[in-house]
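# Structure at a glance
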Amino acid sequence: MLFIFFASNAFGGKGGNPLLGQWGSSDGKEYLTIVMDAKSKGAKVINTKGGEISSNFCFPAVLYPVKQDMRVYEEEQFGPVIPIIPFKKISEPLDDMAKSEYGQQVSLFGNNPKKIGPLIDTLVNLVCRVNLNSACQRGPDIYPFTGRKNSAVITLSVHDALRAFSIRTFVASKDNVGNNKLLKNLLDSDDSNFISTDYLL
């Protein structure tokens, strides 16, 4: 199964491994309490070295099976913990996400448009970024930071900030043959930067 392959590879022996979580001095105890809570309620750390910590980094803990009564199920984590929740119907994780207080990203893997399409349509209302065939990730910085629910109620980027603090301006014309021809010529040429379809919404 995919998660077994993932779990067997979710550790590293060197501090430079991107799967290792780095933290300040106060983060380790909180991370351990989430892992310990899950273990006390039936989850197991299924990867080698999972949850092991040193003074400033830890190995990610892949937890399975995660259930609804565990803190790791309810809390938004940014630390190196990977909860795995088993399900039989695709409606189950979608319902869980709809009930969740958080919504930043999700990853979808597959190549069947008839299956992927409806999932995208549902998930864009639950999270702010849907990654197709790639892991959830930061940036790149040309993309805005976005969030839903308690993750954030925000879209933040330089582009959006400039739009928010700018005065909107528009060009108006009477609907007649001459004006329509002029506007079409402007749109078809590079004579005006303002009257152009070369922009991002």
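To keep things clear, this report deals only with the structure shown in the data block. (Residues numbered from 1 in each chain as written. Predicted model: local features only at pLDDT ≥ 70, side-chain atom pairs only at ≥ 80, totals over all residues. Heavy atoms only, no water.)

## Describing the overall build of the chain
Within the chain one finds seven helices and 10 strands. Relative to its 201 residues, the chain shows a buried fraction of 25%. Here the analysis covers contacts within the chain between residues at least 6 apart in sequence; of these, 49% occur between residues at least 24 apart. Carbon and sulfur atoms form 58% of the exposed surface of the chain, whose accessible area is close to 14,500 Å². (Helix = DSSP H or I, 4+ residues; strand = E, 2+ residues; numbered from the N terminus. Buried < 20%, exposed > 50% of the residue type's maximum accessible area, 1.4 Å probe, protein only. Contact = heavy atoms within 4.5 Å. Areas by Shrake-Rupley, 256 points an atom, 1.4 Å probe, with all protein chains shown as cover.)

## A few points about the sheet that holds strand 4 (residues 61-64)
If you walk across this open sheet you meet the three strands as 2-4-5, and the pairing is mixed. Because the sheet does not close on itself, it has two edges, and the strands there are strand 2 (44-45) and strand 5 (81-83). (Pairing = 2+ DSSP bridges.)

## Concerning the nonpolar core
If you look at soluble globular proteins, the nonpolar side chains tend to sit buried side by side. Judged by nonpolar contacts, Tyr31, Ile34, Val35, Ala38, Ala43, Cys58, Ala61, Leu63, Val66, Met70, Val72 and Val81 together constitute the single largest core of 12 residues. Breaking this core down by element, the ones donating at least two residues are helix 2 (27-40) and strand 4. If you look at the next biggest cluster of nonpolar residues, it comprises eight residues, including Leu94, Val106, Leu108 and Val127. (Core = buried A, V, L, I, M, F, W, Y, C linked by side-chain atoms within 4.5 Å.)

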